[in-house]
Amino acid sequence: MKRITFTLKKSLLLTLVVILFASCASVDKMMDEGRYDELISLAKRKISGKKKKNAKYVAAAEEAFNRANQRDLAHINELEKVGNLRAWDNIFEIANGIAHRQNKIASLLPLVDKHGYEANFAMVVTYPIIENAGLQASNILYLLGKGSLAKAKELEDKHYARNAFRHFEDIAKYRDDYRDILDLKNEAYRLGVSRILITMQNESNLVIPRHYEEELLALNFNRVNDFWRQYYTETPKNEQIDYSVVFYLRNIEVSPEYVRESSKEYNREVQDGWEYILDENGNVAKDTSGNDLRQDKFINVRARILEVAQEKRSELSGKIAIYSIKDERLIDSHNVQVFAEFTNSARRVQGDRRALQGVSWNAGETLPFPTNEEMIFRTADKVKPLIISRIKRNQFI
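The paragraphs below set out a description of the structure included in this document. (Residues numbered from 1 in each chain as written. Predicted model: local features only at pLDDT ≥ 70, side-chain atom pairs only at ≥ 80, totals over all residues. Heavy atoms only, no water.)

Turning next to the overall build of the chain. A count of helices and strands for the chain gives 10 helices and 6 strands. Taking all 397 residues of the chain together, the buried fraction comes to 35%. Here the contacts in the chain between residues at least 6 apart in sequence split such that 74% fall between residues at least 24 apart. Accessible surface, the chain: about 25100 Å² in total, of which carbon and sulfur atoms supply 49%. (Helix = DSSP H or I, 4+ residues; strand = E, 2+ residues; numbered from the N terminus. Buried < 20%, exposed > 50% of the residue type's maximum accessible area, 1.4 Å probe, protein only. Contact = heavy atoms within 4.5 Å. Areas by Shrake-Rupley, 256 points an atom, 1.4 Å probe, with all protein chains shown as cover.)

Below is the structure:
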């Protein structure tokens, strides 16, 4: 018994030694690999809320913190020598990372281990670094934006205006009250947005009612408008149109109303009550107890499913053409052809429904056919998304 107890104690001690060694090895490995912030997070988890704080983790937090700050400050010094937009943005991010690290440690201070040693954390004043980096990045973006905006005005080029807007927009990362940035953003947006007028021209030999054209061009502007494109179906009073999109209607056809009838017959043997079993003499047979013998009676039944299929179809063809108003030129042309269909099936049964056991079928009812006008409107609903999709495919708009 004593030997077993000694063996258990020895095994437990060995396990604890292995765990302690693995823990030390993990801390040392993270330190050697420069994973300082991970190590700080690990140490914080191990010592938070404990009165007697493990000296190993206190020392690890102290060394990892000071090493990380030294590394980041050295990196900032190198980036300041570069001085371009990317460098100032990196400095901004690194300084914010230092501030975050220091806030993580601040909740533990003063940090004293169980032996009475108080860790020393060399704090960095990050505010002036962050402010200066943000200012320098904002200055560069402001000049880039102003340059793009000037080009947009000179060349009447919307892409320069959109680039200017993005430069001004990026300044908000560093400061939201920079100079006249709001006015410049509004100006860049006004110059960069494309105003698109969509109209229809009837090139078919058909007389098209006015309300059909209105239906064809009826757009949900909240759905189709995006940041850089605004759509109109009538010329706006106070805005200049940049692109004209014309749908040239070439043909509309509506088919006759087709009704097709068909039927299918089913046969099945089903149980239909019972009957007496007769012996060879034609008398009712008896069992050994003298009771009449009976058996299930089967008969053949038939049923017919009658189906009425309804169909009506409309077809619309035309061309989408996109014109640049400024250049007075055609920039895109695309032929389109769309179809709309009405289909319906109705079924009814004649005969004995028991013959349909295991047959899948739906009854349904015949429906009124859509009018020709309704079918034409259905094709219009399919043309509208094609027009918007064609516009958005053109990266120049």
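Ile91, Tyr142, Phe168 and Ile171 are the most contacted members of the largest nonpolar core, which totals 28 residues. Of all the elements in the fold, those that place two or more residues in this core are helix 3 (55-82), helix 4 (85-106), helix 5 (127-155), helix 6 (158-171) and helix 7 (181-192). Beyond its immediate stretch of four places on either side in the chain, Tyr142 contacts Phe168, Ile171, Tyr178, Arg179, Asp180, Ile181 and Leu184. Met200, Ile252, Ile376 and Ile397 belong to the second-largest nonpolar core, a separate cluster that totals 25 residues. (Core = buried A, V, L, I, M, F, W, Y, C linked by side-chain atoms within 4.5 Å.)

Another aspect to go through is the pattern of salt bridges. Tallied over the full model, the rule gives 28 salt bridges. Linking Lys173 and Asp89 is a salt bridge whose minimum nitrogen-to-oxygen distance equals 2.7 Å. In this pair, Lys173 is assigned in the loop between helix 6 and helix 7 and Asp89 in helix 4, connecting sequence segments 84 residues apart. Taking the relative accessible area as the measure of exposure, Lys173 reaches 40% and is therefore partly exposed. Where Glu93 meets Lys173, a salt bridge forms, and the shortest distance between an N and an O atom there is 2.8 Å. With Glu93 in helix 4 and Lys173 in the loop between helix 6 and helix 7, this pair connects stretches of sequence that are 80 residues apart. Glu93 gets classed as partly exposed once you look at its relative accessible area, which sits at 39%. (Salt bridge = Lys/Arg side-chain N within 4 Å of Asp/Glu carboxyl O.)

Between two packed helices, the angle of one axis relative to the other and the distance separating the axes together describe the packing. Running from N to C, helix 5 and helix 7 cross one another at 35 degrees; their axes reach a closest spacing of 11 Å. Crossing angle aside, the handedness with which helix 5 passes helix 7 is left-handed. Within the contact between the two elements, helix 5 uses Tyr142, Lys146, Leu149 and Lys153 and helix 7 uses Ile181, Leu184, Glu187, Ala188 and Leu191. For the contact of helix 5 with helix 7, the residue count by class is 6 nonpolar, no polar and 3 charged. (Axes fitted to C-alpha atoms, helices over the stretch in contact; angles between N-to-C directions. Left-handed = near helix turned anticlockwise from the far one by under 90°. Nonpolar A, V, L, I, M, F, W, Y, C, P; charged D, E, K, R; others polar.)

With that settled, consider the packing of aromatic side chains. Aromatic rings in a pair are described by how distant their centres are and how their planes are angled relative to each other. Tallied over the full model, the rule gives 12 aromatic pairs. Both rings, one in Tyr142 and one in Phe168, keep their centres 6.4 Å apart while their planes meet at 55 degrees; by these two values the pair is tilted. In this pair, Tyr142 sits in helix 5 while Phe168 sits in helix 6, placing the two residues 26 residues apart along the sequence. A centroid spacing of 5.4 Å and a plane angle of 35 degrees characterise the contact between Tyr189 and Trp228, whose relative ring orientation is tilted. Of this pair, Tyr189 sits in helix 7 while Trp228 is found in the loop between helix 9 (221-224) and strand 2 (229-232), placing the two residues 39 residues apart along the sequence. Classification of Tyr189 by relative accessible area gives partly exposed; the value is 24%. Of the residues examined, Trp228 reaches a relative accessible area of 14% and is grouped as buried. Clustering of aromatic rings is evident, with ring pairs tying together Phe165, Tyr189, Phe227 and Trp228. (Phe/Tyr/Trp six-rings, centres within 6.5 Å; stacked < 30°, edge-to-face > 60°.)

Here we come to the side chain of Ser317. On the secondary structure map, Ser317 appears in strand 5 (residues 294-324). Taking relative accessible area as the criterion, Ser317 reaches 17% and is therefore assigned buried. Beyond its immediate sequence surroundings of up to four residues, Ser317 is in contact with Tyr248, Leu249, Arg250, Asn251, Val336 and Gln337.

This brings us to the pairing of strand 6 (residues 329-351). When strand 5 meets strand 6, the two strands line up antiparallel, connected through 22 bridges. Note that in strand 6 the partner of Ile322 across the bridge is Asp332. Counted along the chain from strand 5 to the antiparallel partner strand 6, the turn is 4 residues long, and its residue Glu328 has a positive phi close to 55 degrees. (Pairing = 2+ DSSP bridges.)

Moving on: the environment of Arg71. Relative to the elements of secondary structure, Arg71 occurs in helix 3. A relative accessible area of 36% means that Arg71 is categorised as partly exposed. As a C-alpha pair, Arg71 and Gly34 span 37 residues in sequence and 9.5 Å in three-dimensional space. When residues no more than four places from it in sequence are discounted, the contact partners of Arg71 are Gly34, Tyr36, Asp37 and Arg101.

What follows is about the pairing of strand 5. For strand 3 (residues 243-254) and strand 5, the ladder comprises 11 bridges, and the chain directions are antiparallel. In the strand pairing of strand 5, Val245 is matched with Ile322. Relative to strand 5, strand 4 (residues 258-276) runs antiparallel, the two sharing 17 bridges. In the sheet register, Val259 faces strand 5, and the bridge partner there is Gln310.

This brings us to helix 6. Between its terminal C-alpha atoms helix 6 stretches 20 Å, which fits the 20 Å expected from 14 residues at 1.5 Å a residue. Residues of helix 6 that are buried include every one of Lys158, Ala161, Arg162, Ala164, Phe165, Phe168 and Ile171, and no others. The arc that holds the buried residues of helix 6, viewed along the axis, is 165 degrees, so those residues lie on one side. Buried residues in helix 6 make contact with helix 5, helix 7 and strand 1 (194-202). Near the N-terminus of helix 6, the side chain that reaches the backbone nitrogen of His159, with its oxygen 2.8 Å away, is that of Asp157. (Expected span 1.5 Å × (residues − 1). Arc of directions from axis to C-beta. Polar contact = N/O pair within 3.5 Å; in protein donor to acceptor, adjacent residues only side chain to side chain.)

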